[in-house]
Amino acid sequence: MNKRTAIVFVAAALAVGIAVYFESRHGGNSDKPKEESVEVFPFPGEEVRKIEWKRPDGEVVAEKRGELWWLVKPRELMANQVAIVEMLTNQVHSATAARRLPKGQQPDAKVHGLDTPGLVMVLSKADGTRAQVAFGLPLGGVRSVFVRVGDSAETLTLDDYVLLAFDKPFQALRDRGLCRVGPDYFEKASSVRGGVQSSVRRQGQAWRLEGAVDDFAGQKEFLDWLTALARVETGGWETKSRESRIEYGLDPAHAILEVTSTERTIKVTVGGETEPGSGKRWVEVSDFPTEIATVKAADVDTLVMDAEKLRATRAFPFPLQTANFYAAKGPGGLDVEAEKKDDKWKLVRPVVEVSRFFAGRGEEILKELSQLGISQRLPVADPPAESITITIGWGEGDKAVRHTAQVWGDANVARFLFRDPDRLIEISTCSSWDHIRAGEAFYKNPLIYEDLMALQLQRVVVQDEKGAELDLHFDGRAWTLAVPVPGKQLDVAVMPQFSSLVAELMADTWVRGDPKDPAFGLEKPLWRLQIEPNPAKIKDASARIVIIGAPGPRETHYAQLEGTGGVFLVNAELMGVLKRGLLK
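Because the structure is predicted, anything quoted here is derived from the model rather than measured.

Cut-offs applied
- Residues numbered from 1 in each chain as written.
- Predicted model: local features only at pLDDT ≥ 70, side-chain atom pairs only at ≥ 80, totals over all residues.
- Heavy atoms only, no water.
- Pairing = 2+ DSSP bridges.
- Helix = DSSP H or I, 4+ residues; strand = E, 2+ residues; numbered from the N terminus.
- Axes fitted to C-alpha atoms, helices over the stretch in contact; angles between N-to-C directions.
- Phe/Tyr/Trp six-rings, centres within 6.5 Å; stacked < 30°, edge-to-face > 60°.
- Buried < 20%, exposed > 50% of the residue type's maximum accessible area, 1.4 Å probe, protein only.
- Lys NZ or Arg CZ within 6 Å of the ring centre and 35° of its normal.
- Polar contact = N/O pair within 3.5 Å; in protein donor to acceptor, adjacent residues only side chain to side chain.
- Contact = heavy atoms within 4.5 Å.

(A) Up close: the sheet that holds strand 18 (residues 280-285). Pairing within the open sheet is antiparallel, and its nine strands lie in the order 14-13-12-11-16-17-18-19-15. The two strands at the open ends of the sheet, each matched to only one other strand, are strand 14 (215-217) and strand 15 (237-239). The average angle at which neighbouring strand axes cross in this sheet is 25 degrees, direction not considered. Both strand 16 (residues 255-261) and strand 17 (residues 265-273) contribute to a ladder of six bridges, which runs antiparallel.

(B) Main features of the pairing of strand 28 (residues 457-464). Judged from the seven bridges that link them, strand 28 and strand 32 (residues 527-533) form a sheet pairing that is antiparallel. Residue pairing for strand 32: valine 462 is matched across the bridge by leucine 529.

(C) View of the packing of aromatic side chains. A full pass over the atoms with the stated rule returns 18 aromatic pairs. Taking 6.3 Å as the distance between ring centres and 55 degrees as the angle between the ring planes, the aromatic pair formed by phenylalanine 318 and phenylalanine 418 counts as tilted. Of the two residues, phenylalanine 318 sits in the loop between helix 8 (307-310) and strand 20 (325-329) while phenylalanine 418 sits in strand 26 (residues 413-418), which places them 100 residues apart along the sequence. By relative accessible area, which is 5% here, phenylalanine 318 ends up buried. Of the aromatic side chains, those joined through ring pairs into one cluster are Phe216, Phe316, Phe318, Trp394, Phe416 and Phe418. Directly above the aromatic system of phenylalanine 288 lies the positively charged group of arginine 174, at a separation of 4.5 Å from the ring centroid.

(D) Structural context of the side chain of threonine 155. Note on placement: threonine 155 falls in the loop between strand 9 (144-149) and strand 10 (156-159). What makes threonine 155 buried here is its relative accessible area of 1%. Here the side chain of threonine 155 touches histidine 112 through a polar contact of 3.0 Å, side chain to side chain.

(E) Summary view of the environment of serine 37. With respect to the element layout, serine 37 can be found in strand 1 (residues 37-39). Note on serine 37: relative accessible area 44%, which makes it partly exposed. Distance in space between the C-alpha atoms of serine 37 and alanine 98 is 5.6 Å, their sequence separation being 61 residues. Apart from the residues lying within four places of it in its own chain, the contact partners of serine 37 are Ala97, Ala98 and Arg100.

(F) Here's a closer look at unusual backbone geometry. Note that the residue after arginine 349, namely proline 350, is joined by a cis bond; omega there is 0 degrees. Geometrically, the link from aspartate 420 to proline 421 is a cis peptide bond, its omega value of 5 degrees lying close to zero. Inspection of the secondary structure assignment puts proline 421 in the loop between strand 26 and strand 27 (423-428). Located in the positive-phi region is aspartate 342, a residue other than glycine, with phi close to 55 degrees. Residue placement: aspartate 342 occurs in the loop between strand 21 (335-341) and strand 22 (344-349). For aspartate 342, a relative accessible area of 73% translates into the label exposed. Phi is positive for glutamate 555, which is not a glycine, with a value near 70 degrees.

(G) Structural detail: the sheet that holds strand 34 (residues 557-561). Taken together, the eight strands give an open sheet; going across it, the order is 30-29-28-32-33-34-35-31, and neighbouring strands pair in antiparallel fashion. Lying at the two open borders of the sheet, with one neighbouring strand each, are strand 30 (479-481) and strand 31 (507-511). With strand direction ignored, the average angle separating the axes of adjacent strands in the sheet is 25 degrees. Direction of pairing for strand 33 (residues 544-551) relative to strand 34: antiparallel, over a ladder of four bridges.

In short, shape yes, function no, at least from these values alone.
Written out as structure tokens, the structure reads:
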């Protein structure tokens with residue numbers, strides 16, 4: 001086609017376009033009904049699984065794999081997720097409709113540019129259902145374009161913003177990210193800058209740091225870094241124009257990051273500044289050896305791992321909320337094993353369930369362990385003979401993963417020793433240590449008695465270590481002193497809290513050991529509580545007597561329900577009320 005002929009065709013297209021526009025918008029005869037529109041896409045965008053861009057100079061194809069879009073032609077690489085999802089969300093719906101030309105106006109396809117369309121879009125569902133639209137020439141000055149839908153030879157018109165939404169070059173469709181790897185696919189990574197090398201790798205249910213720091217990485221810290229890494233994007237790709245990598249500052253490199261996933265290994269090499277003071281550096285990715293891109297200098301700090309920032313600040317840097325196995329083994333016959341099945345924890349060992357077994361204790365102890373912060377790191381040393389070995393596990397059978405720690409300490413601190421890597425940390429006094437030591441006793445119901453509420457009380461007698469006694473009576477509305485105390489009166493403001501804590505007495509934890517052990521102080525108690533229910537309000541109105549002995553950890557005290565063999569730690573809230581006193 002010579003230039004003169006081309007001009008004639010374009011002029012004809014403009015003339016037809018203007019006529020079609022006014023005819024379709026206003027109608028040649030007001031008495032004639034308007035032509036109906038034609039639906040372009042018979043299914044919503046979220047059902048599309050394959051997209052083809054067909055142009056005279058080549059073809060681009062994208063496919064959805066799982067939740068992600070990938071380009072498979074002209075070469076395979078991750079697609080720009082945002083660009084594709086926005087296109088499908090905004091344009092592929094029933095509202096995208098083409099208009100029919102007025103009757104008698106179907107000029108030659110060459111006039112419409114549909115003999116050799118500039119772009120043909122083909123969208124396919126998983127079942128093979130296809131939607132196709134071919135885009136021709138624009139209608140002069142009316143913001144529409146000639147199109148053909150499917151295999152039909154009919155010429156239609158469509159708003160040109162649809163063409164603008166689909167007409168994306170390959171460079172706009174390819175992913176601009178340097179390294180997008182989700183945690184489920186991540187295996188290991190290493191980075192080096194200025195001679196300092198750090199690496200992290202998957203180890204069981206943990207992330208293991210090596211190189212500059214030998215430790216576990218924190219779960220949150222690692223996932224935050226991986227998320228930030230996925231957000232680092234280039235300023236766009238271009239074909240390398242310089243003869244050697246040295247000219248881009250890639251050899252030697254400013255920094256190198258190498259990430260291995262279950263699918264492939266990605267090497268990111270950061271080079272020199274694009275221009276002095278530009279705030280940008282050249283960057284090369286192993287997936288595209290013939291191309292070069294730019295990256296913001298500020299993003300280089302994300303590409304290079306900071307091992308100290310990734311280092312775990314928690315004692316147990318594992319996803320404990322998903323664990324399904326817990327075991328504790330130690331001196332004195334401590335041998336406990338619990339497992340989670342059907343979303344419920346059950347004590348496997350001892351085989352016979354402890355009295356009043358409480359299922360929620362499995363989650364409780366794992367939650368406590370997950371929240372333990374490190375007070376200090378210590379040089380690795382062998383554990384003492386009285387240490388306890390705890391094991392936490394995930395999965396079953398051949399897929400089971402186990403992490404183990406040896407624990408020891410006293411009422412003030414607890415130490416946890418991990419192996420591979422060797423890691424000894426200290427924790428300030430914590431309930432977790434007492435619960436670990438309690439073994440099977442920890443799994444007993446924390447309620448001391450289950451059938452009593454504050455409004456069912458009738459009398460509470462409080463006796464201290466010196467023999468002083470308060471005889472408290474409740475008439476269903478108010479508490480009074482049966483025997484007045486000279487110069488004092490009952491603090492009625494504190495009695496609702498006290499009566500509730502006494503009636504619904506809770507053990508911080510049960511304790512393993514002989515109640516006669518002097519360490520418990522139960523032979524010479526500091527307090528004795530005689531709790532009497534109202535026989536008119538409860539079936540079992542027998543008195544319950546609680547003996548409170550020596551102080552325990554974290555403001556608790558050792559205690560025993562008279563007539564039973566169990567020792568427990570009275571919760572700190574009740575002890576606080578007793579120590580402050582009930583009189584004013």
